[in-house]
Amino acid sequence: MGQLSIRRSLCAIAFCVMSGTGATADVVAATSTDPTLDLNASLASVMSTEHTAFSAVSPLRLSAIGSVFSRNSDTVISSGAPYTTADLDRMPRARGGRQWACLTEALYFEARGESTDGQFAVAEVILNRVDDPRYPSNVCDVVNQGTGRRFACQFTYTCDGQPEDINDTAIHRRLGKIARVMIDGAPRNLTSGATHYHADWVSPNWARVFPQTAQIGTHIFYRQN
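In this report, the structure presented in the accompanying data block is examined. In this text the structure is predicted, and so the values were computed from the model without any measurement.

1. Some remarks on the nonpolar core
Membership of the largest hydrophobic core comes to 41 residues, with the highest contact counts inside it found for Phe-120 and Ile-126. Counting only elements with at least two residues in this core, the list comes to helix H4 (98–111), helix H5 (116–131), helix H6 (139–144), helix H7 (169–183) and strand E6 (212–216). With five residues, the next largest nonpolar core counts Trp-206, Ala-207, Ile-220 and Tyr-222 among its residues.

2. Comments concerning the state of the cysteines
Evaluation of the coordinates by the stated rule reveals one disulfide. Disulfide pairing is shown between Cys-102 and Cys-140; the S-S distance is 2.0 Å. As the torsion about the S-S bond is roughly 100 degrees, the Cys-102-Cys-140 disulfide counts as right-handed. Residue Cys-102 is located in helix H4, and its partner Cys-140 is located in helix H6; the two are separated by 38 residues in the primary sequence. With a relative accessible area of 1%, Cys-140 lands in the buried category.

3. Concerning H7
With 15 residues, H7 should cover 21 Å at 1.5 Å per step; its first-to-last C-alpha distance of 21 Å lies within 8% of that length. Among the residues of H7, Ile-171, Leu-175, Gly-176, Lys-177, Ile-178, Ala-179, Arg-180, Val-181, Met-182 and Ile-183 are the ones counted as buried. Note on H7: the residue one or two positions beyond its end, Gly-185, has a positive phi of about 100 degrees.

4. A word on the packing of H4 against H7
Between two packed helices, both the angle of their axes relative to each other and the distance between the axes serve to describe the pair. Direction vectors running N to C along H4 and H7 enclose 130 degrees, while the axes themselves pass 8 Å from each other. Taken together, the axes of H4 and H7 are oblique relative to one another. As H4 packs across H7, the resulting crossing turns out to be right-handed. Residues Gln-99, Trp-100, Leu-103, Thr-104, Leu-107 and Tyr-108 of H4 touch H7, and the partners they reach there are Ile-171, His-172, Leu-175, Gly-176, Ile-178, Ala-179, Arg-180 and Ile-183.

5. Some words on the environment of Asp-184
With respect to the element layout, Asp-184 can be found in the loop between H7 and strand E5 (196–199). Asp-184 sits in the buried class, given a relative accessible area of 6%. C-alpha of Asp-184 to C-alpha of Trp-100: the two residues are 84 residues apart in sequence and 9.9 Å apart in space. For Asp-184, the side chain forms a polar contact with the side chain of Arg-180, separated by 2.8 Å.

Cut-offs and rules
Residue indices begin from 1 for each chain and proceed along its sequence in written order. Where totals are concerned, whole chains, interfaces and linings use all residues; where local detail is concerned, this predicted model gives features only for residues with pLDDT of at least 70, and gives and counts side-chain atom pairs only at 80 or more. Excluding hydrogens and water, the side-chain figures rest on all heavy atoms present in the structure. Put simply, buried Ala, Val, Leu, Ile, Met, Phe, Trp, Tyr and Cys residues joined by side-chain atoms within 4.5 Å make one nonpolar core. With a 1.4 Å probe rolled over the protein chains alone, any residue whose accessible area is under 20% of its type maximum counts as buried; one over 50% counts as exposed, and the rest are partly exposed. Here a helix means four or more residues in a row that DSSP labels H or I, a strand means two or more in a row labelled E, and each is numbered from the N terminus. Cysteine sulfur atoms are paired as a disulfide whenever they fall within 2.5 Å. Each residue after the first adds 1.5 Å to the expected span of a helix. Lines are fitted to the C-alpha atoms to define the axes, a helix being fitted only along its stretch in contact, and any angle between axes, read from their N-to-C directions, falls within 0 to 180 degrees. What sets the label is the angle itself: under 35 degrees gives roughly parallel, over 145 gives roughly antiparallel, 65 to 115 gives roughly perpendicular, and the rest give oblique. Here a crossing is taken to be left-handed if its near helix is turned anticlockwise relative to the far helix by less than a right angle, and right-handed if that turn runs clockwise. Should any heavy atoms of two residues lie within 4.5 Å, those residues are considered in contact. As used in this structure description, the phrase polar contact means that two N or O atoms lie within 3.5 Å; if the pair is within protein, one of them must be able to donate a hydrogen and the other to accept it, and residues adjacent in sequence are counted only when both atoms belong to side chains.

And the structure:
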């Protein structure tokens, strides 16, 4: 893995609290487990928010299609991620449109160093924002909000001025399967409706206001009031 790839795996994201004057960066959430990571640029970043074409498609309708990426209707999942790593590896390669590609990319650059549960949890946050009227209504807008304003975006990787190189194709394909099953309506049982998260070595101001809902790997999850 080259230096650029390593920099990508250490990418940190900051989440914003929306106000009448726009979004401001309040917190950092990183995928790296290295607490020595320089957070100066990351603290200025914000997690992106997007909502349009995706919101027009009902997840329930998608899951009813019954593809290999959807659980059977008689399968009950009470808690935890809907699939294990072994489950995902047995699935055929996932494919999809732009919203699927945006979610896969975000998971790769923001959560590829996390456990499978941690990767599903990050997907939950993105989709919870899609469902929240305070945020954009489709995946790509959630992921790319603020892109183009250096270190003022929702996801750091979309505005750090560096190319997004995908060097680990095996992980990328597995994350594509996570993106597929989540878009297809898989249950969100890991974060209790979280809309924010941050790395466990930082302490943003909003973390003292929003209720904490989960901690998975290096990420602590919160639900915006």
